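Structural characterization, general
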Amino acid sequence: MRKRGAHIKHVAALPGRARDCVSLETEHYIALQFLGTDNFGRDQVASIGAAAYMVREIPRSRIGDVAHRHAAAVIRTLNEIMDIADRTGRVEVNTTREAALRASCPIVFRALEGARNSDIARASLAVLAMQRRMVAQAQVMGAKS
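Remember, predicted model here, so these are calculated numbers, not experimental data.

1. Digging into the environment of Ala51
Topologically, Ala51 is positioned in helix H2 (residues 42-57). Among the residues examined, Ala51 registers a relative accessible area of 0% and is labelled buried. Once the C-alpha coordinates of Ala51 and Ser124 are considered, the two residues, 73 residues apart in sequence, prove to be 9.1 Å apart. For Ala51, the contacting residues outside a window of four places in its chain are His28, Val108, Phe109 and Leu112.

Following this line, the structure appears as structure tokens:
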């Protein structure tokens, strides 16, 4: 039997759009499946909202104006849902808002799927920075109360 030599790792150059698409997009589609059920809550709103905010941060020239308009519609609808949830204490979606999300979310998700890795990385960093600003602002507002 021949003795094997040391294992040498080879660097593989991946194409520009190669990424783990399943882990990137599955969460958004699962959140959309929960829409209209009793299990739809703040976690699903955050998941869909993250995708919409990321698409909004990607330049229009890269993904198109239609995706930006649908991302803005998703964000508006989710804001309405969360405003009602803050007043009532429950996340409830009426049929009009559900229809709006079911129409716009697939376009937003497909735009995110087709975006470049570098655009997604920049958009996710921008969304995280926005999230930190909003949390800090909420803490300041809570301290003033």
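The discussion continues.
2. Notes on the side chain of Asp119
Structurally, the position occupied by Asp119 is in helix H6 (residues 117-144). Of the residues examined, Asp119 reaches a relative accessible area of 2% and is grouped as buried.

3. Considerations on the nonpolar core
Within the largest apolar cluster, 34 residues are counted, with the highest numbers of intra-cluster contacts made by Ile48, Val55 and Val74. Counting residues per element, the ones that place at least two in this core are helix H1 (21-34), H2, helix H4 (65-88), helix H5 (95-114) and H6. Counting residues per element, this core draws most heavily on H4, at 8 residues.

4. Some details on the pattern of salt bridges
Using the criterion set out here, one finds 8 salt bridges in the structure. Here Arg90 makes a salt bridge to Glu92, at a shortest N to O gap of 1.8 Å. Owing to a relative accessible area of 54%, Arg90 belongs among the exposed residues under this scheme. Linking Asp119 and Arg122 is a salt bridge whose minimum nitrogen-to-oxygen distance equals 3.1 Å. Taken as a pair, Asp119 and Arg122 lie in helix H6 at a separation of 3 residues, close to a single helical turn. Judged by its relative accessible area of 53%, Arg122 falls in the exposed class. Among the ionic contacts, a cluster of salt bridges with common partners joins Arg60, Asp65 and Arg69.

5. Here we look at the environment of Pro59
Note that Pro59 resides in the loop between H2 and helix H3 (60-63). When the C-alpha atoms of Pro59 and Ala115 are compared, they prove to be 10.0 Å apart, with 56 residues separating the residues in sequence.

6. Considerations on the packing of H4 against H5
When two helices pack together, their arrangement is given by the angle between the helix axes and the distance between those axes. Contact geometry of H4 with H5 gives a least axis separation of 8 Å together with a crossing angle of 135°. The pairing of H4 with H5 is recorded here as oblique in orientation. The crossing of H4 and H5 is left-handed. Here Val66, Ala67, His70, Ala71, Ala73, Val74, Thr77, Leu78, Glu80, Ile81 and Ile84 of H4 lie close against H5, whose contacting residues are Arg97, Ala100, Leu101, Ser104, Cys105, Ile107, Val108 and Ala111.

What counts, and at which threshold
Throughout this description, residue numbers start from 1 for each chain and increase along the sequence as written. Note on the predicted model: pLDDT of at least 70 is required for a residue's local features to be given, and 80 or more for side-chain atom pairs to be given and counted; whole-chain, interface and lining totals, by contrast, use all residues. Here the side-chain values reflect all heavy atoms present in the structure, with hydrogen atoms and water set aside. In this text, helices come from DSSP runs of H or I with a minimum length of four residues, and strands from runs of E with a minimum of two, each type numbered from the N-terminal end. The buried label goes to any residue with under 20% of its type's maximum accessible area, the exposed label to any with over 50%, and the partly exposed label to all in between, with areas taken from a 1.4 Å probe on protein chains only. Working rule for contacts: check all heavy atoms of both residues, and any pair within 4.5 Å makes them a contact. Here, nonpolar core means buried Ala, Val, Leu, Ile, Met, Phe, Trp, Tyr and Cys residues that are tied together by side-chain atoms lying within 4.5 Å of each other. For salt bridges, the criterion is a side-chain nitrogen of Lys or Arg within 4 Å of an Asp or Glu carboxyl oxygen. Here, axes are lines fitted to C-alpha atoms. For helices the fit covers the stretch in contact, and angles between N-to-C directions go from 0 to 180 degrees. Convention used here: angles under 35 degrees read as roughly parallel, angles over 145 as roughly antiparallel, angles from 65 to 115 as roughly perpendicular, and any remaining angle as oblique. Crossing chirality is assigned from the near helix's rotation relative to the far helix, an anticlockwise turn below a right angle marking it left-handed and a clockwise turn marking it right-handed.

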